[in-house]
Amino acid sequence: MKHLLSLEKLPRAEMESILSAAVKMKKERGSSKQQPLKGQTWAMIFTKSSTRTRVSFEVGIHELGGNVMFLSPADSQLGRGEPIQDTARVMGRMVHGAIIQTFAQRDIEVFSEHAKIPTINALTDDEHPCQILADIQTIQEKLGPIQNKIVTFVGDGACNVPTSWMFAAGKLDFELRIAAPKAFQPSADLLKRAGGKISCTEDLITAAKGADVLYTDVWVSMGKEAESAERLKILSGYQINASVMKHAKPGALVMHCLPAYRGKEIDEATLEAHAQTIFDQAENRLHAQKAVLAWCVS
Ligand code: CP
């Protein structure tokens, strides 16, 4: 049985196969007769707010022939403290797969162990694998193979998005630079586990030099709202704007996984100048996740 719980655990060949399938899903959208989820019902268990992840999975499941059931904590006994393993054992007898967006990585691992149905990580505190698959699809559409490219992540380098980037870099042979204040750099343990060509610096300009892609994410991730004032202060020097872009490779991509906070991690002019890439990146969530769903049941 296949699960996508993290990019750390996803073998390189499987990642490449999903990325190729995502390109095909995009090209054949609306004309493909393939319905790998026909007759299936998938559950989406989401603990946090979401626009892109929820919409792209719901549309993707429909397009692959399946039915979808969305559950927030308020709709199920999870919100009243039922253990995840009991919920998993019930769901596993009724639905064919689950997509989970929550805080603790351990919760999706426990769910997959007890439900015994394909389980997909739609975001945890540790990783955001579907986002990074869509991001790589976008880079390859625009710049060709990601191998040997330089991707610079700017901002909170210790959260789920850069972590999934790290595990991708270790497998797909591109250079990853993380520009972040000391307090927001990945741990030594994560760097060791990821392997690959990854560097961390507090110096944004050094990290931007010659980069093919400058990538950012919100400074205050969901669940970190209590740290908002401190984060905005510490991260204030890590905005992607025209003066940073001057140091990147000519024609470099600017990417943002969204939602964006203009004037914080990116300025308005830079976001609008690179809106085509950023919203292609959002659209590719649909195609990449359809590829993940089809892979799960293959
Ligand atoms: N990028 C992302 O995961 O967006 P949502 O929070 O809107 O799903």
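For the structure itself, look to the data block above.
The structure contained in this document is the topic of the report that follows.

When you go through the chain residue by residue, the secondary structure sums to twelve helices and nine strands. Overall, the chain is about 55 × 45 × 35 Å in size when its C-alpha atoms are taken along their principal axes. The proportion of buried residues among the 298 residues of the chain is 52%. In the chain, once contacts between residues fewer than 6 apart in sequence are set aside, the share between residues at least 24 apart is 74%. Of the roughly 12,800 Å² of accessible surface on the chain, a fraction of 52% belongs to carbon and sulfur atoms. Put simply, the chain has 35 plus and 34 minus side-chain charges, and the middle of one group is 4 Å from the middle of the other.

Within the structure, the ligand sits among S50, T51, R52, T53, H128, Q131, C257, L258 and R285. The contact in question runs from a nitrogen atom of the ligand to an N or O atom on the backbone of C257, over 2.9 Å. Interatomic distance of 3.3 Å between a side-chain N/O atom of R285 and an oxygen atom of the ligand. Most atoms of the ligand, that is more than half of them, are within 2 Å of grid points of the largest pocket.

Helix length check: helix α1 (residues 12–27), at 16 residues, gives a terminal C-alpha distance of 23 Å against a target of 22 Å (1.5 Å per residue), a fit within 8%. When α1 is considered as a whole, its buried residues turn out to be M15, I18, L19, A22 and M25. Down the axis, α1 shows its buried residues gathered within 120° of arc, on one side only.

The next subject is the packing of aromatic side chains. Counted under the stated rule, the structure contains four aromatic pairs. For the pair F46 and F70, a centre-to-centre distance of 5.3 Å together with 55° between the ring planes defines the contact as tilted. With F46 in strand β1 (residues 41–46) and F70 in strand β2 (residues 67–71), this residue pair connects regions lying 24 residues apart in the sequence. For the cation-ring pair, R54 lies above F70, with the distance from its terminal atom to the ring centre recorded as 3.5 Å.

Cut-offs applied
Residues numbered from 1 in each chain as written. Predicted model: local features only at pLDDT ≥ 70, side-chain atom pairs only at ≥ 80, totals over all residues. Heavy atoms only, no water. Helix = DSSP H or I, 4+ residues; strand = E, 2+ residues; numbered from the N terminus. Buried < 20%, exposed > 50% of the residue type's maximum accessible area, 1.4 Å probe, protein only. Contact = heavy atoms within 4.5 Å. Areas by Shrake-Rupley, 256 points an atom, 1.4 Å probe, with all protein chains shown as cover. Lys, Arg positive; Asp, Glu negative; His and termini not counted. Charge placed at Lys NZ, Arg CZ, Asp CG, Glu CD. Near = heavy atom within 4 Å. Polar contact = N/O pair within 3.5 Å; in protein donor to acceptor, adjacent residues only side chain to side chain. 1 Å grid on protein atoms, 1.4 Å probe; cavity = no way out; pocket = protein on both sides within 12 Å on 5 of 7 lines; lining within 4 Å. Sits in = over half its atoms within 2 Å of the grid points. Expected span 1.5 Å × (residues − 1). Arc of directions from axis to C-beta. Phe/Tyr/Trp six-rings, centres within 6.5 Å; stacked < 30°, edge-to-face > 60°. Lys NZ or Arg CZ within 6 Å of the ring centre and 35° of its normal.

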